[in-house]
Amino acid sequence: MAHSRLPNSTNRMVSTPDVRLATLMDLPQLTPTKSALDAKYDTYQNPLNSRYCSNEMKYIFSPRNRFSTWRELWVFLAESERALGLDISAEAIEQMKNRMQIQDYEFETAATEEKRRRHDVMAHVHTYGLAAPAAAGIIHWGATSCYVTDNADLMFLRDAIDILLPKLASVIQKLSVFALKYRDLPCLGYTHGQAAQLVTVGKRATIWIEDLLDDLHNLEHQRERLLDKFRGVKGTTGTQASFLAIFKGDHQKVRQLDAMVTEKSGFNRASRSTTQTYSRKVDVDIIHALASFGCTAERIGGDIRHLAMFKELEEPFEADQIGSSAMAYKRNPMRSERLCSLGRNLSNISGAAEQTYKSQWLERSLDDSAIRRITLPESFLCADACMILLNNISSGLVINKAIIKQRIDLELPFMATENVIMAMVDKGISRQETHEQIRVLSHQAGAVVKQEGKPNDLLERIKTNEFFKPIWDQLDVLTDSRTFIGRCPEIVEEVLLEDVRPALQNYEVQIGRLGDKVSELNV
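This write-up is about the structure you can find in this document. Source: prediction; values computed, not measured. (Residues numbered from 1 in each chain as written. Predicted model: local features only at pLDDT ≥ 70, side-chain atom pairs only at ≥ 80, totals over all residues. Heavy atoms only, no water.)

### Some remarks on the overall build of the protein chain
Looking only at helices and strands, the protein chain has 22 helices and four strands in total. Nonlocal contacts in the protein chain, meaning residues at least 24 apart in sequence, comprise 78% of its contacts between residues at least 6 apart. Element-wise, carbon and sulfur atoms account for 51% of the exposed surface of the protein chain, whose accessible area totals about 26600 Å². (Helix = DSSP H or I, 4+ residues; strand = E, 2+ residues; numbered from the N terminus. Contact = heavy atoms within 4.5 Å. Areas by Shrake-Rupley, 256 points an atom, 1.4 Å probe, with all protein chains shown as cover.)

### Describing the packing of helix α10 (residues 201-226) against helix α21 (residues 488-504)
Direction vectors running N to C along α10 and α21 enclose 20°, while the axes themselves pass 10 Å from each other. In terms of axis orientation, α10 runs roughly parallel to α21. Judged by the sense of rotation from one axis to the other, the crossing of α10 with α21 is left-handed. Contact residues: α10 offers Gly202, Lys203, Thr206, Ile209, Glu210, Leu213, Leu216 and His217, while α21 offers Cys488, Ile491, Val492, Val495, Leu496, Asp499, Val500, Ala503 and Leu504. Class assignment of the residues belonging to the contact of α10 with α21 gives a composition of 11 nonpolar, three polar and three charged. (Axes fitted to C-alpha atoms, helices over the stretch in contact; angles between N-to-C directions. Parallel < 35°, antiparallel > 145°, perpendicular 65-115°, else oblique. Left-handed = near helix turned anticlockwise from the far one by under 90°. Nonpolar A, V, L, I, M, F, W, Y, C, P; charged D, E, K, R; others polar.)

### Comments concerning the pattern of salt bridges
Evaluation of the coordinates by the stated rule reveals 31 salt bridges. Between Asp384 and Lys167 there is a salt bridge whose closest N-O contact spans 2.5 Å. With a gap of 217 residues between them, Asp384 in helix α15 (residues 369-394) and Lys167 in helix α9 (residues 145-181) connect regions that are remote in the sequence. The burial state of Asp384 is the same as that of Lys167; both residues are buried. A salt bridge links Asp409 to Lys405, with the shortest nitrogen-to-oxygen separation between them at 2.8 Å. Taken together, the residues span about one helical turn, with Asp409 and Lys405 both in helix α16 (residues 401-415) at a distance of four residues. Relative accessible area serves as the criterion here: at 38%, Asp409 is assigned to the partly exposed category. Salt bridges linked by common partners bring Arg66, Asp153, Asp283 and Arg372 together as one network. (Salt bridge = Lys/Arg side-chain N within 4 Å of Asp/Glu carboxyl O. Buried < 20%, exposed > 50% of the residue type's maximum accessible area, 1.4 Å probe, protein only.)

### Notes on the pairing of strand β2 (residues 194-200)
In terms of strand pairing, strand β1 (residues 186-191) meets β2 through five bridges, oriented antiparallel. Within the sheet, the bridge partner assigned to Pro186 lies in β2 and is Thr200. (Pairing = 2+ DSSP bridges.)

### Brief notes about the environment of Leu164
Its place among the elements puts Leu164 in helix α9. You can call Leu164 buried: its relative accessible area is 0%. Every residue in contact with Leu164, bar those within four places of it in the chain, is listed here: Met57, Leu290, Phe380, Ala383, Asp384 and Met387.

### Describing the nonpolar core
Residues Trp74, Met96, Tyr147 and Phe380 are the most contacted members of the largest nonpolar core, which totals 121 residues. Ranked by the residues each element gives to this core, the list is headed by α9, at 19 residues. Not counting the four nearest positions on each side in its chain, Tyr147 is found in contact with Leu73, Trp74, Phe76, Leu77, Arg231, Gly232, Val233 and Val261. (Core = buried A, V, L, I, M, F, W, Y, C linked by side-chain atoms within 4.5 Å.)

### Here's the deal with the side chain of Thr434
Residue placement: Thr434 occurs in helix α18 (residues 431-452). With residues near it in sequence (within four places) discarded, Thr434 still touches Ile421, Met424, Ile429, Phe467 and Phe468.

### Some remarks on α18
Its 22 residues place the ends of α18 31 Å apart at the C-alpha level, agreeing with the 32 Å of an ideal helix rising 1.5 Å per residue. The set of residues buried in α18 consists of Thr434, Ile438, Leu441, Ser442, Ala445, Gly446 and Val448. Take α18 and look down its axis: the buried residues cluster within an arc of 150°, on one side only. For α18, the exposed residues set more than 90 degrees away from the buried face come down to Gln432, His443, Lys450 and Gln451. Those residues of α18 that are buried lie in contact with α16, α17 (417-426) and α19 (458-463). Near the N-terminus of α18, the side chain that reaches the backbone nitrogen of Gln432, with its oxygen 3.3 Å away, is that of Ser430. Once α18 ends, the next one or two residues include Gly453, with phi positive near 70°. (Expected span 1.5 Å × (residues − 1). Arc of directions from axis to C-beta. Polar contact = N/O pair within 3.5 Å; in protein donor to acceptor, adjacent residues only side chain to side chain.)

### Here we look at the state of the cysteines
Under the criterion given, the structure shown has zero disulfides. The thiol sulfur of Cys488 is not disulfide-bonded, and the nearest other cysteine sulfur, from Cys187, lies at 7.9 Å. A relative accessible area of 5% means that Cys488 is categorised as buried. (Disulfide = S-S within 2.5 Å.)

### Quick word on the packing of α9 against α10
The interhelical angle for the contact between α9 and α10, taken along N-to-C directions, is 160°, at an axis separation of 9 Å. Relative to α10, the element α9 is oriented roughly antiparallel. Considering how the two elements wind past one another, α9 and α10 form a crossing that is left-handed. Split into classes, the residues belonging to the contact of α9 with α10 amount to 20 nonpolar, three polar and five charged.

### As for unusual backbone geometry
Even without glycine at this site, His192 takes up a positive phi of about 60°. With respect to the secondary-structure elements, His192 resides in the loop between β1 and β2. For His192, a relative accessible area of 79% translates into the label exposed. Non-glycine residue Lys248 carries a positive phi angle of around 55°.

### Here's the deal with α15
Because the α-helix completes a turn every 3.6 residues, residues three or four places apart line up on one side. Here α15 is 26 residues long and its end C-alpha atoms lie 38 Å apart, about the 38 Å a rise of 1.5 Å per residue gives. Within α15, 20 of the 26 residues are buried, leaving the element largely enclosed by the surrounding structure.

### A look at the packing of aromatic side chains
This structure, assessed with the given rule, holds 10 aromatic pairs. Ring geometry for Phe467 and Phe468: centres 5.1 Å apart, planes at 85°, overall edge-to-face. By the ring-pair criterion, three or more aromatic residues cluster together here, those being Phe67, Trp70, Trp74, Phe107 and Tyr128. Lying across the ring of Tyr278, Arg280 places its NZ or CZ 4.7 Å from the centre. Arg407 extends its terminal NZ or CZ atom over the ring of Phe310, reaching a point 4.3 Å from the ring centre. (Phe/Tyr/Trp six-rings, centres within 6.5 Å; stacked < 30°, edge-to-face > 60°. Lys NZ or Arg CZ within 6 Å of the ring centre and 35° of its normal.)

Right, here's the structure in full:
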């Protein structure tokens, strides 16, 4: 008989009878009858939650915030209905406001009720009614479940984007400082994985910056669009029939109710026509923006890993950090590797959102519910984790100038041959004859590098070949690496002045508030 991997039940504390309670409550606040060991160490923990993302993002999608937001929406509905003439007492409103924040013991009440009713929203209507008895009969008046579930989700999407935007702006700002510092430091460019025309360390960073600016604009656009996409009060199939009945056929009051709840919830306007839910196309477009950022994260992480492989650039490495359990000398780029891994996961979530949207039936089907409970939070948790990593990495990139120069010296003589040919032509020497002389010497030097492992001696061969005597005194200038970088320094300055500065001007205060906190890794 195979050995069981399950803990011995005789050695465990009695766990909660409803497993969902362990996920509904913060672990430090578990009651004495529930085992923290069971909840934390004996059950699967999503690593996005336990290892990678920030507390503020975790709170957005937490049970406490979700159910407290439901209560807030019920308050908005009741307040607006009362203002429009429905018989709702001031005492009912006051009790609801006083108990908007769900308390620990109420999670258990709601879980017990849901187990009985198999309906999460009605379980919380019941629980809220116990907390605000004067309002028990009017909570959720005229609404369907999606009034709280969907409107709350839209509020979470908005608030989660608000957390991401300044973090992304902070990454751009840090990389901009890095780009400016190294705007004129030559390094090898690479095309097809092979050494190519020189660029600069700072110019390469502007490629990352430009892509991140696109991500910033994409998220800003989605947030702006989201503010016009609130679900509002629409009823069971989007007809507002229940509210029309409540207001005795007064269409204007139904429209006012929709507008009042929308404004109280912090949105500009509600969608004019919905089904029971808001269109899942909204989820698709927002997750597309996040997935696009995931692609950027993996691209940047891949570049850093390649440059670390060449030893030209290194990510931050702490004094006591261990690169390998076996090879003590190693400095593995674990942050960038994690960034690539999480970015890849993030970019793949968009497929789930697309499938969910196009699988919806007519006015509503519930096959979107379970998957959205996963895809919406995880897409934002994953994006948040990537931004924390990018902030950490960009705060401490290490440039190994000696290695960069060494690699340039290995390749630059070959790159300088075009300059040599043009200089010889200026002296009246045949271009074709010069080309042939260069070709022969280059192949000889290449063989020395590849077959003997020695430094590139092409320039020494040119200096000792009488054919090239007319330009011997020009060779130092012709092979100066700074003459091979084109407009790299100017491009860096133009990107920072014309692209970065206007994009970040609205984030200066938020970037300052974030400080180094956004760069701290949990693990």
